[in-house]
Each structure stands twice: as structure tokens, then as C-alpha cells.
Amino acid sequence: MPDLLRAPAEIKYAEELDWLESVDDGPKPFSWRLSPKMVRLFILGSERADGLDREISQKWYGDRSFVERSIVTLASDRGLLLIGDPGTGKSWLAELLSAAISRNSTLVVQGTAGTTEDHIKYSWNVSMVISKGQSRESMIPSPIMTAMETGAVGRFEELTRSTSDVQDALISILSEKYISVPEMDSDNIVFAKPGFSVIATANSRDRGVNDLSSALKRRFNFVRIPVVTNKKSEAEIVRFRTEELLKRHQIELDVPPTLLDVLLQSFADLRASAAATGSDDEKLESALSSAEQIGVLEDAILHSNFFGERALTARTLASSLVGSLARREPEDLAILNKYLHGVVEPRSKEEGGSWPEFLEGGRDAIATLS
């Protein structure tokens, strides 16, 4: 693998993808590199019943039906919209789908308040326009246009963060499957090749920022990705991403199962508390997603490796949890303090184990930030 800070999925798992292509004899829609069954297998991992000569690792953890519905949508002429809370793995699933189908997951537009039509259509190389005029050579295609020209999957991250003008431009692309270039007299239409599709993501917490129009909604099939609350699945996700982190940083450090249980239980407690309250002021600003659990654990591991005793402790884990989740002051600190006193303190007395040290570390972290 090339020496990259973060390799895209098609590079990171190139060996698996090459092997799957070599044994794939299933029907492939359009210009797909893998058949739908192999795309699913690449994302969810192989099982003994698949009868393969090698094991394919599981890369996304979630309901099988979400992946299958996503694949079926991309095999049609409709766009796919993955929607859910922050940190639920929408972007990772979109990347894996693009890598398996097109072997290119980098055709991405990031939706922001500053995203313009040029970002999803085309712009111009000004110096070439001045010297040679407007032509295909002087045009700078957007990632979406490149996906159209190559019959690949284009991605649009944070769709609801972009303005209505940009969303309206996307309606035309999804409906007509071409982009017109009125600045040129000839060769002024870029048609989409078979296999072109769009995967968009949107955070459910962004509702009201730039709501999707009814016309745009009709062009998408919605797949809602929920927050993972099953402890077994959540533990697998956190363990999978933590192992990747340790390999990337070449860190030799064990994560004790007891501390992983403490982390999972803490997030479960905080989610239950948020669900039981009706006021936003009494909820943490954090979505308490699996991605944020991974962030807490990553912070604790790196701190232990660089500044600790090269062994993860409950104290360090608690400090990382408070530091990561306390985004509003004093509201979030008050919520975390209430959790420590109302839940962790009684549990530390009843169960012992890592909980007393976790309680102490959390209190110290809150005192430092207060």
C-alpha cells in the first residue's frame, strides 16, 4: 500500500478487490467492477457458507438490509441518500460502495454553505481560456461530471448543508443525466454513461438548515442509518477501528476488555439519559455515536502511548471521555458531572473493577475544565 495518511478504500483493500474481481462470475450492472453479491460480500465480509477460498474482512457494521437496499438503488437510475445522525458510518458506507462498484471513491463534493453550482458541474482554467478560448480542454470538470463521463459513482457529502441553488442543479443532473455547457458552441453537452449514479449523505440533525425540496427527494431512495445501540455490534465496530489505529501508528498497546466494556456502558448510560429527558439543555451536544466512542478511545490510547505508562487506564479513558464530550460550557460539564455522581459513583461501589478509577479520572477532568 502506498505511504498515505489515509488511503481510500479502493487502495486500502486493493488486494481483496482484485481477488473478488478474479472469481466473480455474477452478472454486473452497467460498468460495475463487481456483481451486487460481491459488492455486499466486500462490505459485510465473507461467511463460511459463501464457499470462498479466502476470508474477506467485514468493513461496515450494520443491518444487512441497509447495504442490500443501497446496492439495489445504485443499480437503478435513482440516487441514493444515506441519512442519519453524525457518526453512524454513512460516509464510510458510501466510500465502500463506490470503491467496490467503480474502484474510485474519490469523486466527492463536500456540501457547505460555500458550495456552488461550479462544484457539481464545471469551472474553467482561466489562463487557458484567455489563450485558447473556452473548450473541453480548458474546462475543469467537477467530480460529479467526471463520474458522469466515466460511468462511475459520484458522492455528495452533507447534502443539506448546501444551498437550494446547488440542490436544484443536482435535480437536473439526476433527472436528465446530462450537463449542458452553454459557453461552448459545439460539443456542449456532457452525457452520463451507464453506471453513473450519485450517493449523497445527510445528517438528520441538520434538518432545517437547507431542507431538501420535494423534487429532489423524489430523485433519491432514502436509506436511514440508525445509531448502533447493540453492544455486541458496537464492540465489534470500536475494536475494528481501534486495531486499524494501532497499526497505523505502529503502537503496541492492549485495550483491556474491561475498559472497552466501561466505554460502551458509559455511552449506553448517557444515551438512555438523553432519551429520558425532554429538554435539549439536558442533553449532551454530542450524538453519542460509535464514531465518537472511537474518538474517545483513540484519544485515550494516544495519550497513554505518548504521555502515560504505555498502558491504557480507566483514569485516562475517563479524562478522554469528558474532554471529547464536553463541548458546551457549563451545560455539558453539568450533565457529565450529574452522570458521574448519579450513575458511576453507585456502580463503582457496587461493582468495583475499573469503575472507581474511572470515576476519579472523570471528576478530575471536570474539575480541570470547570
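Located above this text is the structure these notes cover.
Here's what I pulled together on the structure shown here. Remember, it's a predicted structure, so these values are computed and weren't measured experimentally.

**As for the nonpolar core**
One finds Val-39, Ile-43, Trp-60, Leu-97, Leu-317, Leu-336 and Phe-358 to be the most contacted residues of the largest nonpolar core, which totals 76 residues. For this core, the element with the most residues is helix 5 (residues 90-102), which contributes eight residues. Apart from residues no more than four positions distant in its own chain, Trp-60 is found in contact with Ile-43, Leu-44, Phe-66, Val-67, Thr-88, Gly-89, Trp-92, Leu-93, Leu-96 and Ile-225. One finds Val-109, Ala-152, Phe-156 and Ala-202 within the second-largest nonpolar core, a separate group that totals 32 residues.

**Brief notes about the pattern of salt bridges**
Enumeration according to the criterion identifies 23 salt bridges in this entry. Across the salt bridge formed by Arg-33 and Glu-21, the nearest N and O atoms sit 2.9 Å from each other. One end of the pair, Arg-33, is in the loop between helix 2 (14-23) and helix 3 (36-44); the other, Glu-21, is in helix 2, and 12 residues separate them in sequence. The class of Glu-21 is partly exposed, set by a relative accessible area of 27%.

**Observations concerning helix 13 (residues 290-307)**
Taking 1.5 Å of rise per residue, 18 residues should cover 26 Å, and helix 13 covers 25 Å from first to last C-alpha, within 8% of that figure. Taken as a whole, helix 13 has its buried residues at Ser-290, Glu-292, Gln-293, Ile-294, Val-296, Leu-297, Ala-300, Ile-301, Leu-302, Ser-304 and Asn-305. Structurally, helix 13 contributes buried residues whose contacts are with helix 11 (231-249), helix 12 (257-276) and helix 14 (314-325).

**With respect to the packing of aromatic side chains**
According to the stated counting rule, one finds five aromatic pairs in the structure shown. Between the aromatic rings of Phe-306 and Phe-307, the centroid separation amounts to 6.4 Å while the plane-to-plane angle is 75°, which identifies the pairing as edge-to-face. According to the relative accessible area criterion, Phe-306 is exposed, its value standing at 53%. A relative accessible area of 66% places Phe-307 in the exposed class. With 5.6 Å between their ring centres and 85° between their planes, Trp-355 and Phe-358 make a pair best called edge-to-face. You can see Trp-355 and its partner Phe-358 sitting in helix 16 (residues 355-369), three residues apart, about one turn around the helix. A relative accessible area of 1% means that Phe-358 is categorised as buried. Looking at Lys-59, its charged tip hangs above the ring of Tyr-13, at a distance of 5.0 Å from the centre. The ring of Trp-355 carries Arg-347 above its face, with NZ or CZ at 4.8 Å from the centroid.

**Considerations on the packing of helix 13 against helix 14**
Close contact between helix 13 and helix 14 brings their axes to 8 Å; oriented N to C, the two are set at 130°. By the angle between their directions, the pair helix 13 and helix 14 is classed as oblique. Our pair here, helix 13 against helix 14, has a crossing hand that is right-handed. Residues Val-296, Leu-297, Asp-299, Ala-300, His-303 and Ser-304 of helix 13 form the contact with helix 14, whose own contacting residues are Thr-316, Leu-317, Ser-320, Leu-321 and Ser-324. Within the contact of helix 13 with helix 14, the residues separate by chemical class into five nonpolar, five polar and one charged.

**Brief notes about the packing of helix 12 against helix 15 (residues 331-351)**
Two elements in contact, helix 12 and helix 15, have axes whose closest approach is 11 Å; the angle formed by their N-to-C orientations is 120°. By the criterion of interaxial angle, the relationship of helix 12 to helix 15 is oblique. As for the relative orientation of helix 12 and helix 15, their crossing is right-handed in sense. On helix 15, the residues that touch Gln-265, Ser-266, Asp-269 and Leu-270 of helix 12 are Leu-336, Tyr-339, Val-343 and Arg-347. In the contact of helix 12 with helix 15, the residues fall into four nonpolar, two polar and two charged.

Rules of the game
- Residues numbered from 1 in each chain as written.
- Predicted model: local features only at pLDDT ≥ 70, side-chain atom pairs only at ≥ 80, totals over all residues.
- Heavy atoms only, no water.
- Core = buried A, V, L, I, M, F, W, Y, C linked by side-chain atoms within 4.5 Å.
- Buried < 20%, exposed > 50% of the residue type's maximum accessible area, 1.4 Å probe, protein only.
- Helix = DSSP H or I, 4+ residues; strand = E, 2+ residues; numbered from the N terminus.
- Contact = heavy atoms within 4.5 Å.
- Salt bridge = Lys/Arg side-chain N within 4 Å of Asp/Glu carboxyl O.
- Expected span 1.5 Å × (residues − 1).
- Phe/Tyr/Trp six-rings, centres within 6.5 Å; stacked < 30°, edge-to-face > 60°.
- Lys NZ or Arg CZ within 6 Å of the ring centre and 35° of its normal.
- Axes fitted to C-alpha atoms, helices over the stretch in contact; angles between N-to-C directions.
- Parallel < 35°, antiparallel > 145°, perpendicular 65-115°, else oblique.
- Left-handed = near helix turned anticlockwise from the far one by under 90°.
- Nonpolar A, V, L, I, M, F, W, Y, C, P; charged D, E, K, R; others polar.

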